[in-house]
Structure formats: C-alpha cells, structure tokens
Protein chains: 2
Amino acid sequence: MAGLTETLQQVDTGLDASLERLFAFLAIPSISTDPAYADACKAAAALAAETLTGLGFTATVHPTAGHPVVVARTDTGAARRVLFYGHYDVQPVDPLELWETPPFAPRFGATPDGRRTIVARGACDDKGQVFTFLEALRAIKATQGALPVDVTVLLEGEEECGSPNLPGFLAAHAEDLKADVALVCDTGMWDPKTPSITTSLRGILHAELTIEAADRDLHSGLFGGAARNPIHVLSRIIGEAHDENGRVTLPGFYDDVVEPPAEVRARWEGLGLTAETFLGPVGLSISAGEGDRLVIEQVQSRPTFEVNGMFGGYTGAGTKTVIASRATAKISFRLVADQDPEKIRLSFEAFVAPRVPADCKAVFSWGEGARAFLVPADSPDLTRAAAALEAEWGVAPVTIGSGGSIPVVGQFKTRLGVDTLLIGFGLDDDRVHSPNEKYDLTSFHKGTRSWVRILEALA
Amino acid sequence: MAGLTETLQQVDTGLDASLERLFAFLAIPSISTDPAYADACKAAAALAAETLTGLGFTATVHPTAGHPVVVARTDTGAARRVLFYGHYDVQPVDPLELWETPPFAPRFGATPDGRRTIVARGACDDKGQVFTFLEALRAIKATQGALPVDVTVLLEGEEECGSPNLPGFLAAHAEDLKADVALVCDTGMWDPKTPSITTSLRGILHAELTIEAADRDLHSGLFGGAARNPIHVLSRIIGEAHDENGRVTLPGFYDDVVEPPAEVRARWEGLGLTAETFLGPVGLSISAGEGDRLVIEQVQSRPTFEVNGMFGGYTGAGTKTVIASRATAKISFRLVADQDPEKIRLSFEAFVAPRVPADCKAVFSWGEGARAFLVPADSPDLTRAAAALEAEWGVAPVTIGSGGSIPVVGQFKTRLGVDTLLIGFGLDDDRVHSPNEKYDLTSFHKGTRSWVRILEALA
C-alpha cells in the first residue's frame, strides 16, 4: 500500500482535475437566503452527494423545511471516526455591478502581489474550502485504497441564512452523526504563509426591527411637520445604539463579556495590529469600535451591534415627497464569552421601547441565536492537527480567535458531545460575502495536502 | 347666446361623458419620476393636447430634456387672458400590494360616510383636478360658443419629480405665456362642503445624502466591531436632525422663518385643530412637530426636514451578515417665509460634516430649491373668484395656507410677473401620493361648475 508521499504527489499531479471539479461546483448559484435559488441549492447538494458516492461513501440527501442536508459516510470499521462539516450554500451576490466577471462563472485571477487565485462567489466561503477536504479524500482513496479513519461528511445548505433547520436535523440524527472529533473548514489562515487553527468564535443573533407609524404613506407637504416619520424614529434608535466611544449602549449588553486571559492579551499586543493595518486594505483607517480596546479585541473578543441592512420610504430613482408608513432595519449581534442570546434579545427590546412614540409600533422578528464557542486548548487532536499543518507549511500554525460565527460548532458540542477543530485556508483578502470573492490557488492546493496529513495524524 | 344657467346645466347633463374622458386620462400610467414610464408620459401629454385641440385651442406638445410640456391657447381677442397650470404626471404607486384595485384601472368607490368617489392614481393629484377645468371649458364652448376670457393652458409632466425642466421652459416661453392672472388647480377644499383658496405655500428643497465608508461590502463577522458602518453614521445624522422637542437642529435653520400675522394666528387658534383630529384619520394621534406650535402651524408656516426614503446594505429576503460600503437618504426640506434654499443647503452640509468620520465620505446631490410663496390678500381677482365659489357652494371660501409646495407659482411671479389663484377641490382623505388615491365625485362635478363661474367672474 502506498504511503503519504505518494498521496501528496497524487494531490499535486491531480490538481488540474481537482480544479475542474471545483469549478463545476462553483458554477451553481446556490444562494440560500433567496427563495428564487432553491433549485440551485438542490443541484449543489446533489452534486456533492454524487461526488461523495464516487469516493465510495454512502451518501444521502436529506430534505428539510428549507434546503437539503447532505450526509455521507464510510464504515470500514476504522478505529476512529471524524465528522467533517461544510456548507454548499453561498451569500447573495449584490451589488452585482461591482463584480468584474459573473459571480458564477469561476475563473483564475491574481492578486496585486502576484498570488494566483480562483474568483467566484463561494470560491472560498465555503465551496473551495469544502473541496480541499473532498479532494484530499480522493487522493487518499486513489493511492491507498482506504481512508486511515472512518469519515462522516455533513454538508448543509443554509449556513449563510442562519442554519434554521440544522439544529433540528442534528437532534434527529445525533446517533448517526456521532464521531470522535469534528472538522470544520470554514475559517482562515494567519497569513498566506502561516496556517492557523481557530480556537474561538463569536456567537450570533439576528433581529429585524420595523417601526410602524401612520396606517398609510403620507404626502410630506400636507402632513410634514406633524406626522411621525418612522425613518426618523428608526434612525434615532440605530444612532443611539452606540455612544461616542463606539460602545454599544444597550442596557447590560456587556454584563457577560469576560476579559481574555493575560497571556492571550499579551500575544495580541505583541501582534502590533492597528486600525491602519487592519482596515487599510478595505479603504478605511479609523476604528469604529470601543476606543479603549485593541482592534483584534474589537473583532474577536468584543460583542457587536450591527445593522446589515436598512430601508424605508421611496428608494427608487428620482424623488417622492412621501412620509413612509414603516421603516425596517436588519440587525445582527455578534456575541462573545457568556453572552446569552435571550438576554440580548430582552436588552434590545428594552432599549427600543422607550424610543418608540406611543402612537407608533415596534415590530421585532428574531432568529435563533448562537452562543460564542471556545475550543479546549489541551485537546490531543488539536496537537496532532497542529503537527500535521506544520509539516505541510513548514511553520507552526497560529491558534487564533475568529470574529465570525459558526453556530454548528456549538451544536456539535451540545447535541453530539463532539469537540471541533476549525481549520481553514481562507485569507483576509478573499472578499468573502463581497463582490469578486476569491480563494488563493495555494490555499486550495496546500489545503488539500494539509487534509491528507491531518487525516493521517488523527488515525 | 346662452348664459350661465345653461352652461351649468350642460355640466350636469354632460357629467357621465366628462367622467368617461377623465377615466381614459387616468388609465395612462404617467409616473414621471421613473424612466420606465416615459412613453406613458408622452401618451398623457398627447391625450391632453388632443383634448384641447378638440375644444378649439391651438395646442403644442413641447419636448424637453425630460417629459414634454403641453401649451394650448385661444386667441379671440378677449379683454383678459388667464393662464391655467396643471400637471399630467403622477406619483409612483408603490407599495402596489396596498391598492385594493389596480392604480391605473379607474373605478367608482365610496367613502365610509357614503361620499361617491373616483379611485385611481392621479384621480385627484392632478388629473382629476385638471379635468374640472377642461370640462368647464367644454361646457362653455358647447353652450356659449366662445370663452369669456382668452385661456392659455400649461400642463407639465414633471411636477411629481421636482419640475427640473419647467424653469427653463418658462424662461424660454415667457412671452407666449404672459397672462393677467394664473390659475392653478392642485390644492384642496377646507372640508367637503367648504371651498377654499390657497394663499400660501411652503417651498421645497430636495437633497440626497450618501455616506461612503469601506471600498467594498465587508463580512460583519471578520470586520464587525472595527469597521465603520455607514448605516450607523447616516442614522446618527438623521436621528440628530431633530431635538427631543421636534425642532430641526440644523444651524440657523429657523433664521428666516417669520411668525404669522396676529389675525391669522387668532383664526388658527379658533379652528381648534388638534393632533388627534388632524392625525387621527391616518392612524396617528401624537404630533411629531415642534411641541410649542399649533398643528396647523407645523404643517403650514413651519419648515421641515423630512427623510422620504432611506436604504443601505442588504434589503432582500432573509439575512446577510454584511457591513455595507454605503448608505443613502433621500431628503426634502419644506421651506417657509424668507428661507433661502441656498442657505438651507449650506446649513445641512455644515450639520453633516462634523458627523462624518475622517475616513468616510458624505456625497450630496441637490435639486433646484423653491422658496415659499404668499398670494397677495388684496388681489381683485381673488375677490372675484371667491364670490364665484360662494355662488356655487353656498358658503364663502376659506382662504388657507398649504404645507405643500407648487414651485411653479413662484416662477409665474418671478418669470412672468403673474399672480396666481390656487383653487382646488381635493380633500384631506384623498390619499394623494398613497395607495387607493381618490377624488370625490362632488369635487369633480361642482369643481367643474366652479370653474365655469370663476371664468365668467374673471372676464
């Protein structure tokens, strides 16, 4: 039976074929948050299941109230089983006009400093990352016949819209999904040369707030000056949600936020990350966050109140002299440490109530919240995976926190009792969720090689 | 030659035919602010010109950079000439789902208290009002052969989008448009039984403000807490534009606002208009305006800062964890007394500047402003028209102010040297600019009869 070297060579020689398969996956517009793309989501799930079947997995596409969940598994009786999680859905592409090429026509590109890239919606988040794992499996099967561990692959299609159906699915299939360790490939590297394992994530809570005023749109000439304008009311609420120092003003918002351990704080200070270095690449230079906090704290260990979208009144071309009857804000909170989504919900409703005139109405719509998550630093699998990554990249991985949220990690712990290793190969300049999203070719290639080594190490 | 009585009888007996002609006009979706309806605007202009030609007018459809202007005139050598102004364009219909029947399928309806109505976009503003005048001309021609005065009819198609091309048109055609008095039918009655002549109007100034932050949309997990959110910046600006007392906080905003004459104020106080009585019909009960002002002051003699529309970030279905790169507010100011649009523009820009972070940008787009207008109370034509209205309605017309803006009135004064009588038959419950706009059948019928009497009186 061939060994690691042959398998890694197989990854290298098979790279073009791997990219061809990835491009076919990227070409499917599986935008989960927009019902118009339901069929595309089905198609992406089907392609993933078909791919895994081709690798000798028993694959099933499970329908849900939303988009399907793909579960595929090997049962060779290996000593250990890993559960790999990823998602086949992607973010919406708007604003479309800012894309240099169509978002679902994958192409090769290059960064200003000459790194070769794959450009498409989902190139990194999460289709490209998922394929690093699938192509690693393919190379191992091709060279060694069998995998060193049994593998369960779980691919959902609603990660970009809050995974509404995943908790129920995990509860219903907890037994089948049991594993010794979970692997999630939806995070980033420290820099293009340094791999990382993410050991902390922020939680998330989605809210939609609509202020309702008059029972119809009003002529701003006849009623302007007396009639309440819900856009003004909503703007004041949003405007007052942060103080001059960038601190969220919701009552008790920071109650359950804890300070990072001294050594972590020391490491952060050592990084010398500044607003200029962190925000410069996206055209900003001044941090909007808490003035007395490090930038890395602001995006990793501090909670946020963020308006992701806001709309009310006339938004078309030209002008319309109208006072709208309602205005809406789409809001998300990033949660840290011990913050409880339920307490945050009550805090926001308490913050809004006194700011709504008695003859107006505040209508809330809440998503299911997810708490923040911290991976145990003493996990033996963490040590094994770190060694495998160092062997591939020639430098020890940095263990970092992420400001993002991957609720499934917490659910694996609570519903399956499984710890998760968050290992991904994304980079800060990948433009995930933005126009012209990309994934470095090196991330894809060495990411695939990394999984070969990690699966070996976890055996 | 037949007299007034016969002409009024002709209006009565011809009512059904008049309504048929109005319905054909209402069926044209001449939404001027949306380029998609340019052809419909052309069609409405053509129908108006054709109608006037049929009444013996010399009618011309003048193309402009935007929608055409219709000018039609008689030249019988009568002692006096009146210039009638109206507009054939209408407001957008959104939100379409709130219309009980299609906005451009005119129908008869009824108010809860049994008044018969015409329901359609433009039923009142301004197609229905324009037709009261055209059908009055028709009845006079039919019964008397000639009009008692020479008439110039000026119909524009951009009133609902700020009349960008009208000032230039008036300047270019000032000579042809000269008249002894101008008549504008785009205002309302005091109540369903009491006519009115509007003697004051608020001016208007349109602005669009866009806050630009990062050079791309950002992932709110990776950047949230450090990256500036332009929706937050814009919301704070809008939220701070009014104080707790409903007063606009822009520097010097009230400098050129004057107090109404004592007798006007006394009359206003006598009206006993309250927030409950004024706002109750639209589902509100508390005034949003300056706490120390009468409601009627708030909507007529006090200036406003109003956001007519606001949008930024993700506004589609579901959620998107994004920090937008920009957010926009469509704003209009209602101006009173001596307020100068240019000074208000500078005041708002000065208000915004210190509220925009140094690494963000505020982009302004301004429309041409219009000052407030006051009709001289001692105009003999005002007296004549008032007598004619009293003869028709059996009660003397109330001279009132309007919070709306009809910039053309100021331009008639400055560019043509003509004073304007604002006489209209709209009602507070007509839902102009809102879904299910209507016009009372009585407004249309007696409005037509009123013009017959007024034209006679002005001879």
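Here is what the cut-offs are and how they apply
- Residues numbered from 1 in each chain as written.
- Chains lettered and ligands numbered in written order.
- Predicted model: local features only at pLDDT ≥ 70, side-chain atom pairs only at ≥ 80, totals over all residues.
- Heavy atoms only, no water.
- Pairing = 2+ DSSP bridges.
- Helix = DSSP H or I, 4+ residues; strand = E, 2+ residues; numbered from the N terminus.
- Axes fitted to C-alpha atoms, helices over the stretch in contact; angles between N-to-C directions.
- Contact = heavy atoms within 4.5 Å.
- Buried area = accessible area lost by both parts, 1.4 Å probe.
- Salt bridge = Lys/Arg side-chain N within 4 Å of Asp/Glu carboxyl O.
- Polar contact = N/O pair within 3.5 Å; in protein donor to acceptor, adjacent residues only side chain to side chain.
- Nonpolar A, V, L, I, M, F, W, Y, C, P; charged D, E, K, R; others polar.
- Buried < 20%, exposed > 50% of the residue type's maximum accessible area, 1.4 Å probe, protein only.
- Arc of directions from axis to C-beta.
- Least-squares fit on C-alpha atoms with pLDDT ≥ 70 in both.
- Domains from an automatic or database assignment.
- Parallel < 35°, antiparallel > 145°, perpendicular 65-115°, else oblique.
- Left-handed = near helix turned anticlockwise from the far one by under 90°.
- Phe/Tyr/Trp six-rings, centres within 6.5 Å; stacked < 30°, edge-to-face > 60°.
- Lys NZ or Arg CZ within 6 Å of the ring centre and 35° of its normal.

Asks: Before we move on, could you go through the sheet that holds strand E5 (residues 116-119) of chain A and cite the residues and values that matter?
Replies: Residue and element names in this part refer to chain A. Read across the sheet, 3 strands follow the order E4-E5-E18 without closing on themselves; strand pairing throughout is antiparallel. For this open sheet the edge positions go to strand E4 (107-110) and strand E18 (438-440), each flanked by a neighbour on one side alone. With strand direction ignored, the average angle separating the axes of adjacent strands in the sheet is 35°. Pairing between E4 and E5: 4 bridges, direction antiparallel. By the bridge assignment, Phe108 is partnered in E5 with Ile118.

Asks: So what's going on with the sheet that holds strand E18 (residues 438-440) of chain B? Residues and values would help.
Replies: Residue and element names in this part refer to chain B. Spatially, 3 strands are ordered E4-E5-E18 in an open sheet, and the strand pairing comes out antiparallel. If you trace the sheet from one side to the other, it starts and ends with strand E4 (107-110) and E18, each paired once. Between one strand axis and the next, the sheet turns by 35° as a mean value, whatever way the strands run. Taken together, the 3 bridges between strand E5 (residues 116-119) and E18 define a ladder with antiparallel strand orientation. Of the residues in E18, the one forming a bridge with Thr117 is Asp440. Set on the sheet, helix H2 (residues 15-26) makes contact with E4 and E5; between it and E5 the angle comes to about 35°. Those strands touched by helix H15 (residues 441-458) are E4, E5 and E18, and its axis lies near 55° from that of E18.

Asks: With reference to specific residues and values, describe the interface of chain B and chain A.
Replies: At the interface, 84 residues of chain B touch 84 residues of chain A. Summed over both sides, the interface of chain B with chain A buries roughly 7500 Å², with 51% coming from carbon and sulfur. On the chain B side of the contact with chain A, Arg236, Val282 and Lys320 of chain B bury the most area, a combined 8% of that side's loss. With a closest N to O distance of 3.8 Å, Asp94 of chain A and Lys320 of chain B form a salt bridge. The interface formed by chain B and chain A includes 52 residue pairs in polar contact (both at pLDDT 80 or more). The dominant element in the side of chain B that touches chain A, judged by the number of residues it contributes, is strand E11 (residues 304-313) of chain B, at 10 residues. Here the residues of the side of chain B that touches chain A sort into 34 nonpolar, 34 polar and 16 charged.

Asks: Any details on helix H1 (residues 4-13) of chain A? Residues and values, ideally.
Replies: Residues and elements named next belong to chain A. Where H1 is concerned, the buried positions are Thr7, Leu8 and Val11. Looking down the long axis of H1, one finds its buried residues gathered within 100° of arc, a one-sided arrangement. Seen from the open side of H1, the exposed residues pointing more than 90 degrees away from its buried face are Thr5 and Thr13. In the core, the buried residues of H1 are packed alongside helix H2 (15-26), helix H4 (127-144) and helix H15 (441-458).

Asks: Quick one: what's the story with the relation of the copies chain B and chain A, residue by residue and with numbers?
Replies: Under the fitted operation, chain B is carried onto chain A by 0.0 Å of movement along the axis and a turn of 180°, and the coordinates agree to an RMSD of 0.0 Å. Here the symmetry operator amounts to a two-fold rotation axis. Looking at the interface residues of chain B, 100% of them are also at the interface in chain A, so both copies use one shared face.

Asks: Quick rundown of the domain arrangement of chain A? Include the residues and the values.
Replies: Along its sequence, chain A is organised into domain 1 (4-201 + 373-458) and domain 2 (204-257 + 303-366). For domain 1 of chain A and domain 2 of chain A, the distance between their C-alpha centroids amounts to 36 Å.

Asks: Go over unusual backbone geometry, please, and point to the residues and values.
Replies: Residues and elements named next belong to chain B. The omega angle of the peptide bond from Asp94 to Pro95 is 0°, so this bond is cis rather than trans. As for its position among the elements, Pro95 is in the loop between strand E3 (81-87) and E4. Along the chain, Asp125 connects to Asp126 via a cis peptide bond; the corresponding omega equals 5°. Checked against the element boundaries, Asp126 lands in the loop between E5 and helix H4 (127-144). The backbone of Ser163 sits at a positive phi, close to 45°, despite the residue not being glycine.

Asks: Tell me about the packing of H2 of chain B against H4 of chain B, residues and numbers included.
Replies: Residue and element names in this part refer to chain B. The contact between H2 and H4 brings their axes to 10 Å, and the two run at 140°. As judged from the angle between their axes, H2 and H4 are oblique. Taken as a pair, H2 and H4 cross one another with a handedness that is right-handed. On H4, the residues touching Ser18, Arg21, Leu22, Phe25 and Leu26 of H2 are Lys127, Gly128, Phe131, Glu135 and Arg138. Across the contact of H2 with H4, the residue classes tally to 4 nonpolar, 2 polar and 4 charged.

Asks: Tell me what's going on with the pairing of strand E9 (residues 203-212) of chain A, and back it up with residues and numbers.
Replies: Residues and elements named next belong to chain A. The buried count for E9 comes to 8 of 10 residues, which makes it a mostly enclosed element. Note that E9 and strand E13 (residues 326-335) share 10 bridges and pair antiparallel. Bridge pairing in E13 links Leu205 to Phe333. Pairing between E9 and strand E14 (residues 361-366): 6 bridges, direction antiparallel. Counted as the bridge partner of Thr210 is Val363 from E14.

Asks: I'd love a proper account of the pattern of salt bridges, names of residues and values included.
Replies: Counted by the stated rule, this structure contains 70 salt bridges over all chains. One salt-bridge network, in which partners are shared between bridges, spans Arg247, Glu259, Arg265, Glu269, Glu290, Arg293, Glu297 and Arg302 of chain A.

Asks: Any details on the packing of aromatic side chains? Residues and values, ideally.
Replies: One pass over the structure, following the stated rule, counts 36 aromatic pairs over all chains. Centroid distance Phe84 of chain A to Trp451 of chain A: 6.0 Å. Interplanar angle 90°. Geometry classified as edge-to-face. In this pair, Phe84 of chain A sits in strand E3 (residues 81-87) while Trp451 of chain A sits in helix H15, placing the two residues 367 residues apart along the sequence. Of the two residues, Phe84 of chain A and Trp451 of chain A, neither departs from the other in class, the shared state being buried. The interplanar angle of 15° and the centroid separation of 6.3 Å between the aromatic rings of Phe333 of chain A and Trp366 of chain A together place this pair among those described as stacked. Here Phe333 of chain A is found in strand E13, whereas its partner Trp366 of chain A is found in strand E14, with 33 residues between them in sequence. Look at Trp366 of chain A and you get partly exposed, because its relative accessible area is 23%. Members of the aromatic cluster, joined through ring pairs, are Phe253, Tyr254, Phe305, Phe333, Phe348, Phe364 and Trp366 of chain A. Above the face of the Trp393 of chain B ring, Lys446 of chain B is positioned so that its terminal group lies 5.1 Å from the ring centre.

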